[in-house]
Amino acid sequence: MDYYGNQMSRLIEQLSALPGIGGKSAQRLAFHIIHMPKERVEQLAQTITEARENVRYCRECCTLTDQEICPICSNPSRDKKTIMVVESTRDLAAYEKTGKYEGVYHVLHGAISPMLGIGPGDIRLKELMQRLQGEVNEVIIATNSSLEGEATAMYISRLIKPTGIKVSRIASGVPVGGDLEYIDEVTLLRALEGRVEL
Ligand code: ZN
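A few points on the structure. Since the structure is predicted, the reported quantities are computational estimates derived from the model, not experimental observations.

**Considerations on the coordination of the zinc ion**
Ideal geometry at a metal gives 109.5 degrees between four tetrahedral donors and either 90 or 180 degrees between six octahedral ones.
Right, on to step 1. Only Cys58 (SG), Cys61 (SG), Cys70 (SG) and Cys73 (SG) from the protein reach the zinc ion as donors, at distances of 2.3 Å.
Right, on to step 2. Taken in sequence order, the residues that donate to the zinc ion follow the motif C-x2-C-x8-C-x2-C.

Rendered as structure tokens:
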């Protein structure tokens, strides 16, 4: 039975297709949207469209940004010779929140996973290796401590070692399988400061 009519049902259906939104949440959101002032709904729709249109990968670090070069890479006071490798832009955001890291990042957009058929060519590794042709003192590998994150760290360190650039891995203490974005800032800082050379 279609209680709502076609358009309401379509809205609920599309919302529930988003990650983490079940049927009930989708219904709640749909009702909320319908009761919002029209201008606010237009604003929301426009923000979504514009973000999708303009957000892309930073030409240097591959993080998501609406500029050619992201604000971190274009900040002259950041140390370009220290590169922290993370799996996602959300992980980058977690480290940025600590306010204590002064280097730059490289965002892989994933991790190597033979189980899921994700190989080195499917993440932004080639771009990292290209960056290392410039002047780089240290690469800090901050992939997650999941199986995939560890495999990726191992793979990258093997790739970089022959170049003579220092490679380090953030200290364990970050809970196994834990997504970096859910870990508090103190733990992140401790993991960074306690990093070990590979
Ligand atoms: Zn960047």
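**Digging into a nonpolar patch on the surface**
Right, on to step 1. Nonpolar side chains collect at one region of the surface, where Tyr3, Tyr4 and Phe31 lie side by side and expose about 340 Å² of accessible area between them.
Right, on to step 2. By the element assignment, Tyr4 lies in the segment before helix 1 (6-16).

**Examining the sheet that holds strand 3 (residues 79-86)**
Right, on to step 1. Strand order in the open sheet made by the 5 strands is 4-3-5-6-7, with mixed pairing throughout. The sheet is open, and its two edges are formed by strand 4 (103-107) and strand 7 (196-197), each paired on a single side.
Right, on to step 2. Across 4 bridges, the pairing between strand 3 and strand 5 (residues 138-141) is parallel. Along strand 5, the bridge assignment pairs Thr82 with Glu138.
Right, on to step 3. Against the sheet, helix 6 (residues 147-160) touches strand 3, strand 5 and strand 6 (166-169), its axis set at about 170° to strand 6.

**As for the nonpolar core**
Right, on to step 1. Among the nonpolar cores identified, the biggest contains 38 residues, and Met84, Val86, Tyr95, Tyr105, Leu132, Val139 and Ile156 are the most heavily contacted of them.
Right, on to step 2. For this core, the secondary-structure elements that each account for two or more residues are strand 3, helix 4 (89-98), strand 4, helix 5 (125-131), strand 5, helix 6 and helix 7 (185-193).
Right, on to step 3. At 4 residues, strand 3 tops the list of elements feeding residues into this core.
Right, on to step 4. Leaving out residues up to four positions away in the same chain, Val86 has contacts with Asp91, Leu92, Tyr95, Tyr105, His106, Val107, Leu108 and Ala142.
Right, on to step 5. Within the second largest apolar cluster, 7 residues are counted, among which are Ile12, Ala26, Ala30 and Met36.

**As for helix 6**
Along an α-helix, a turn takes 3.6 residues, which lines up residues three or four apart on a common side.
Right, on to step 1. Between its terminal C-alpha atoms helix 6 stretches 20 Å, which fits the 20 Å expected from 14 residues at 1.5 Å a residue.
Right, on to step 2. Those residues of helix 6 that are buried lie in contact with strand 3, helix 5, strand 5 and strand 6.

**Focus on helix 7**
Right, on to step 1. Inspection of helix 7 places Thr187, Leu188, Leu189, Ala191 and Leu192 among the buried residues, and these make up the whole buried set.
Right, on to step 2. Of the surrounding elements, those touching the buried residues of helix 7 are strand 3, helix 4 and strand 5.

Rules and cut-offs
Residues numbered from 1 in each chain as written. Predicted model: local features only at pLDDT ≥ 70, side-chain atom pairs only at ≥ 80, totals over all residues. Heavy atoms only, no water. Donors = N, O, S within 2.8 Å, 3.2 Å for Na, K, Ca; no water. Patch = residues over 30% accessible without salt bridge, like charges linked within 9 Å, V, L, I, M, F, W, Y side chains within 5 Å. Areas by Shrake-Rupley, 256 points an atom, 1.4 Å probe, with all protein chains shown as cover. Salt bridge = Lys/Arg side-chain N within 4 Å of Asp/Glu carboxyl O. Helix = DSSP H or I, 4+ residues; strand = E, 2+ residues; numbered from the N terminus. Pairing = 2+ DSSP bridges. Contact = heavy atoms within 4.5 Å. Axes fitted to C-alpha atoms, helices over the stretch in contact; angles between N-to-C directions. Core = buried A, V, L, I, M, F, W, Y, C linked by side-chain atoms within 4.5 Å. Buried < 20%, exposed > 50% of the residue type's maximum accessible area, 1.4 Å probe, protein only. Expected span 1.5 Å × (residues − 1).

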